[in-house]
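# Analysis of the macromolecular model
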Amino acid sequence: MRYLFLFILCIFSGTQLYSQKINSAYKLHISETKLPIVIDGFIDEEAWNVRDSAANFFMVSPMDTSYAQVRTTVRMTYDQHNLYISAICYEPKPNTNYAVESLRRDFSYTKNDNFLLIVDPFDDQTNGFTFGVNAAGAQWDGLIFNSNGYDLSWDNKWYSEVKHYADRWVFEAAIPFKSIRYKKGIQNWGINFARLDIKAPEKSAWAKIPRQFNVASLAYTGNLIWDNPPPEAGTNISVIPYVLGGLTKDYENNTSTKFKRDIGADAKIGITSSLNLDLTVNPDFSQIEVDKQVTNLDRFELFFPERRQFFLENADLFANFGYSTIRPFFSRRIGLGVPIEFGARLSGSLNKKWRIGAMDMQTKSMDETGLPAQNFAVLALQRRVFSRSNIRFMFVNKQSLNYDPAMHPGKPAYNAFNRNVGLEYNLASTNNLWTGKSMFVKSFGPVKNSDDLVHAANLQYSSKKWLLSWQHEYVGENYTAEVGYVPRINYIKLNPKISYLFFPKAGKILNHGPILSSTLYFNKSFSQTDNETSFNYKFTHRNQSTFEVWTSDNFIRLLRPFDPINTGKGSLSTGTEHSWNTWGANYFSKPQKLYTYSFSGQYGGYFADGTRLNLTADLGYRFQPYVNIAMSTSYNHIVLPQPWGTTNLWLVGPRTDVTFSNKLFFTTFIQYNNQQKNLNVNTRFQWRYKPASDLFLVFTDNYYPSPFAIRNRALVLKFTYWWN
């Protein structure tokens, strides 16, 4: 680690760690209004006659060397309760239909004409918020973390309307100060505005952003300058109770119908304008959408993201410690198959340099499995260093309460506790060209073990044409993270990557270039156990469609028995070696058409000198702006020696989203998976009768082997109300 820090410091001695904010010259002045504003999409109130506005957007793509051709004008003002924003989004061709998927909240950015607000209240170029709409008025809101990552699972209360004219569409919104976390007295916020017109196609931003970064990059925000410090949010307490009723029946085991009646509540308490306390009692997450299934041909546990609202605000403090496959804390481990009794979470910023996250959750015991009541405690502290980098400390503790395995004979035994302590350094240069991370984590359990450490580090350089990346990992043989996601232990990993882009001056191709990467795994003796080296060549067209071809070389030495089709027919032995070559291609159509599609395919070798053909297709059609129909299909044809023989695995997932308005939603999602021998039907009706307050009706069916063989069925009605 010492050498990594020296290496980083040497690199950055010439890159101005303390240099001035890149887009400091971009300034938008905001003044308080005493006049009323009605959020109706008609920006005809006198309050909108402000002295400053943001216009003359810069193009981000397809090129980033000129002003945008699609014009946008933004104005902002505020009163003692709300931050107001209006945007006039001019159409390059009058009387042209806008392009959107539906009125669904948190829409897909690349498939909708849209406008976004990016705000960094601390002006630390690291954490912030994003609000926006598509051209039909569907809302988008989320948290920005690590400068340019964003999480759209976060929802909050705000108000917006969109109106259409022949040559423009107009967005108007009021964002309550209680919905934003900011520090009292700070009069300079980071700010940017982004516009995507996929018909043009053109992506643009007010403060200039290089095309290799997304528009949410806080490193490139301008300045929102307040005439006076933003008003204090005042007493900020929200209570969100719910009432639930439901029916479930297990047809496979022929059990009687179970009636479920529940009540619980969440609460949000603003300790300060930038620090929030979340409380929950008897939470229920039955309205959460089901996970999208995958055909599992992996040797290790799959990852599915957190969707539960309680865990999402400032989730980066907890969830982003580590790497995608080294997560000391993974909130989905809490309440996994066991009810949560209560919990509390304190998170936010103490000042411009310090952030804190503290969580404590309590789960119930389960007599049928002998699982004891457990307590989950997490502490995260983050300190900003240099211009945009930070150091983060994390402590995770899982504790079994009043547990004696002797009291549960014949039941699984559980550890009395499991703890993780870690420290990481996150690197981000002022211009975001250099990013990286270095981390150390140690686990503790009832039995003392050696080799229970984790170390990993990466460094990446991203310019307009070059991407150079290096990552290495070491996970000890006895490292355990019972509240984390660490699917593989006892390895050393090396992962170099290099890519380059060519930009033709004319023609249909926007850019193209090669990508070379290698992922190598070794044991502690540095004997290789896995190697995947791939070569890709990608073409991006000016109409936003993409085409990619690739080939890879694979080698695996099995460290444990493995079923190559995961259906229980047999297993390959530990220590056997397997190698093969694969080639493939991917195509994604341009998103501006009503009908969109993508295809990918690969063919090559597989385990035990077998072969594998994989074909995947995603089709979509939208009846703007009310209906979006999608179909995802994956087919695997695998040929292996006996006992497996020839296997055909299908995963088919049709989905229909009907958005009657931006308050009334109906979704049906069907997933047929013959690997899991299941046909799942999930239907969800949602009525957002007030901002952040909902009525849900969720119906779930599971069938197999035919649509007439019901396995289990559930119906849930849930009512929530956000009360300030």
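None of the values given here were measured: they were computed from a predicted structure.

Rules and cut-offs
- Residues numbered from 1 in each chain as written.
- Predicted model: local features only at pLDDT ≥ 70, side-chain atom pairs only at ≥ 80, totals over all residues.
- Heavy atoms only, no water.
- Core = buried A, V, L, I, M, F, W, Y, C linked by side-chain atoms within 4.5 Å.
- Buried < 20%, exposed > 50% of the residue type's maximum accessible area, 1.4 Å probe, protein only.
- Helix = DSSP H or I, 4+ residues; strand = E, 2+ residues; numbered from the N terminus.
- Pairing = 2+ DSSP bridges.
- Phe/Tyr/Trp six-rings, centres within 6.5 Å; stacked < 30°, edge-to-face > 60°.
- Lys NZ or Arg CZ within 6 Å of the ring centre and 35° of its normal.
- Axes fitted to C-alpha atoms, helices over the stretch in contact; angles between N-to-C directions.
- pLDDT = per-residue confidence, 0-100.
- Contact = heavy atoms within 4.5 Å.
- Salt bridge = Lys/Arg side-chain N within 4 Å of Asp/Glu carboxyl O.

### Structural notes on the nonpolar core
- One finds V74, M76, I85, F115, F171, F193 and W206 to be the most contacted residues of the largest nonpolar core, which totals 45 residues.
- At the level of elements, strand 1 (27-30), strand 3 (72-78), strand 4 (82-90), strand 5 (114-120), strand 6 (128-134), strand 10 (168-176), strand 11 (188-197) and strand 13 (222-226) are the ones that each hand at least two residues to this core.
- Residues F311, F318, A380 and A456 belong to the second largest nonpolar core, which totals 28 residues.

### Some points on the pairing of strand 27 (residues 528-541)
- Both strand 26 (residues 509-522) and strand 27 contribute to a ladder of 13 bridges, which runs antiparallel. Within the sheet, the bridge partner assigned to I515 lies in strand 27 and is N536.
- Count of turn residues in the strand 26/strand 27 antiparallel hairpin: 5 residues, of which F526 carries a positive phi of about 65°.
- In sequence, strand 27 turns back onto strand 28 (residues 546-557) through a hairpin of 4 residues, with Q544 there showing a positive phi of about 80°.

### Looking at the packing of aromatic side chains
- Overall, the coordinates contain 43 aromatic pairs when judged by the stated rule.
- On the basis of an interplanar angle of 50° and a centroid distance of 5.6 Å, the ring pair of F193 and W206 is categorised as tilted. With F193 in strand 11 and W206 in the loop between strand 12 (202-205) and strand 13, this residue pair connects regions lying 13 residues apart in the sequence. Each of the two residues, F193 as well as W206, counts as buried.
- Taken together, the ring pairs connect Y26, F58, Y67, F115, F171, F193 and W206 into an aromatic cluster.
- Lying over the aromatic face of F285, R308 brings its terminal NZ or CZ to 5.2 Å of the ring centre.

### A short note on the sheet that holds strand 4
- One open sheet holds the 4 strands; their spatial order is 3-4-10-9, and the pairing between them is antiparallel. Across the chains shown, the open sheet's two edge strands, defined by having one partner strand only, are strand 3 and strand 9 (159-164). Sheet twist, expressed as the average angle between the axes of neighbouring strands with direction ignored, equals 10°.
- Alignment of strand 3 against strand 4, held across 7 bridges, turns out to be antiparallel. Directly across from Y78, in strand 4, lies its bridge partner L83.

### Some remarks on the confidence of the model for the protein chain
- Residue-level pLDDT values for the protein chain average 92, and 97% of them are 70 or greater.
- Contacts from residues 1-18, a stretch scored under 50 in pLDDT, to residues over four places away or in other chains number 22 contacts.

### Here we look at the pattern of salt bridges
- Considering all chains together, one arrives at 39 salt bridges under this definition.
- The residue D657 makes a salt bridge to R104 at a minimum N-O spacing of 3.1 Å. Taken as a pair, D657 in strand 33 (residues 646-659) and R104 in the loop between strand 4 and strand 5 lie far apart in primary sequence, 553 residues in all.
- A relative accessible area of 5% means that D657 is categorised as buried.
- Bridged by salt links that share partners, the residues E91, D113, R195, D197 and K199 form one connected network.

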